[in-house]
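Residue-level structural notes
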Amino acid sequence: MIKNDLFLRALNNETVDRPPVWMMRQAGRYLPEFRALRDKYDFFTRCQTPELAAEITVQPIRIVKPDAAILFSDILVVPQAMGIEVLMKESVGPFLPNPIRSAKDVDQVIVPDVNETLGYVFDAIKLTKEMLNDEVPLIGFAGSPWTIFCYAVEGKGSKSFDTAKGFCFSEPVAAHALLQKITDTTIAYLKEKVKAGVNAVQIFDSWGGMLSPVDYQEFSWQYINQIVEALAPETKVIVFGKGCWFALNDMAKSKASALGVDWTCSPRNARYLSGGRITLQGNFDPSRLLSPIPTIKKMVHQMIDEFGKDNYIVNLGHGILPNIPVDHAKAFIDAVKEYN
């Protein structure tokens, strides 16, 4: 039994004294302990070495003490497993030297045996579970098929992903074939994560907000929903679409247990758009953690008041920024724990 199961209770729609709290990217660059490992090992070495991934996952549990851990990994391990080369370049971010640009390219992409290609992730989960010793739940995650597609086609990060969108609109058959391959791989990957011991999974649709509401249904949501349908019988699924407030109503009708919300959607609108029943997660602006600590605490309490303490998981509206002082991150977590 997990000693602090507040996060799981919120996903179960149970009444709680206070909402649970964790932060996207909490195992990351704002922590000096993380930076010490980053200086020693390159990015994918950290992802692919179970001992390092587990240590990084557990760091924030010791230091800022959230109510859940999220496995240190990256959404781009999935395209790597599918035979798409992915590099992480300093101050550039993800770089894919051979982007997918034609139907022929799509044909060469494989749906792998995830145990062969991603076994190191499942080993990291088992090791992390040992280190956590049932203190808090562990979250596994994957990128949405559309978000992975964006990187695979664009070849790097982008402000608009015009090349990826253009491929969808000019080569829809090939685009859907690639999206389906990513979906099939992701379902197999997340199912193995559950077998390895994660207590919930989150799907990150970081670039969903790049699409119009109509295109979102065709190129993103239908594939996310396949994953939700496949995973919901086995675990709790959280869907987080950045900039996707327009899809909250459809998402709320799915088998997802919770929906993430970014800071551009007010708590009131998020509750309204999602029909008021489903657990919501979010949505503090990560930049707001640069505010003075008393301001952070006041704003967090106000945010909880607006969402309501039940059917709610406190989080940021996107990943924590590298320049956030650790005591400000702690203040965010502590403000939730002090809520009454």
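Everything here concerns the structure above.
Residues numbered from 1 in each chain as written. Predicted model: local features only at pLDDT ≥ 70, side-chain atom pairs only at ≥ 80, totals over all residues. Heavy atoms only, no water.

Moving on, we get to the nonpolar core. Of all hydrophobic cores here, the largest spans 127 residues; its most connected members are Phe7, Phe149, Val239 and Phe332. Considering every element that reaches this core, the biggest residue donor is helix 11 (residues 172-196), with 10 residues. Excluding anything up to four places from it in sequence, Phe149 contacts Ala164, Phe167, Cys168, Ala175, Leu178, Leu179 and Ile182. (Core = buried A, V, L, I, M, F, W, Y, C linked by side-chain atoms within 4.5 Å. Buried < 20%, exposed > 50% of the residue type's maximum accessible area, 1.4 Å probe, protein only. Helix = DSSP H or I, 4+ residues; strand = E, 2+ residues; numbered from the N terminus. Contact = heavy atoms within 4.5 Å.)

Right, let's get into the packing of helix 8 (residues 119-132) against helix 11. How two helices sit against one another is set out by the angle between their axes and by the gap between those axes. Axis separation between helix 8 and helix 11 bottoms out at 9 Å; the angle between their running directions is 25°. With respect to helix 11, the element helix 8 is oriented roughly parallel. Every pair of crossing elements has a handedness; the one defined by helix 8 and helix 11 is right-handed. The segment helix 8 lies against helix 11, with Val121, Phe122, Ile125 and Lys126 engaging Tyr189, Glu192, Lys193 and Ala196. (Axes fitted to C-alpha atoms, helices over the stretch in contact; angles between N-to-C directions. Parallel < 35°, antiparallel > 145°, perpendicular 65-115°, else oblique. Left-handed = near helix turned anticlockwise from the far one by under 90°.)

Here we take up the layout of surface pockets. What the largest pocket holds in volume is close to 1,200 Å³. As for the largest pocket, its lining consists of 35 residues, and the residues nearest its centre are Arg25, Arg29, Phe43, Asp74 and Met88. Put simply, the second largest pocket is a space of about 160 Å³. In terms of lining, the second largest pocket is formed by Trp263, Cys265, Ser266, Pro267, Asn283, Phe284, Asp285, Arg288, Met299, Gln302, Met303 and Glu306. Per-element accounting of the lining of the second largest pocket gives the leading share, 4 residues, to helix 15 (residues 293-307). (1 Å grid on protein atoms, 1.4 Å probe; cavity = no way out; pocket = protein on both sides within 12 Å on 5 of 7 lines; lining within 4 Å. Points joined across faces, edges and corners; volume = space filled by probe spheres on them.)

The next thing to look at is the sheet that holds strand 8 (residues 279-284). Across a sheet, paired strands are connected by hydrogen bonds in the backbone, their directions being either parallel or antiparallel. Overall, parallel pairing links the 7 strands, which are arranged 1-4-5-6-7-8-9 in an open sheet. Unpaired on one side and paired on the other, strand 1 (69-70) and strand 9 (312-316) mark the two borders of the sheet. The sheet strands contacting helix 12 (residues 213-231) are strand 5 (200-205) and strand 6 (236-241), and the helix crosses strand 5 at an angle near 175°. (Pairing = 2+ DSSP bridges.)

Burial of strand 9 is extensive: 5 of the 5 residues sit out of reach of the surface. Residues of strand 9 alternate between two faces, with Tyr312, Val314 and Leu316 on one and Ile313 and Asn315 on the opposite face, all of them buried. The sheet contact formed by strand 8 and strand 9 spans 5 bridges and is parallel. What sits directly across from Gln281, in strand 9, is Ile313. You can see the chain leave strand 8, run along helix 15 and come back into strand 9, and the turn it takes is right-handed. (Right-handed = clockwise from strand over helix to strand, strands pointing away.)

Taken by themselves, the reported measurements are silent on function.
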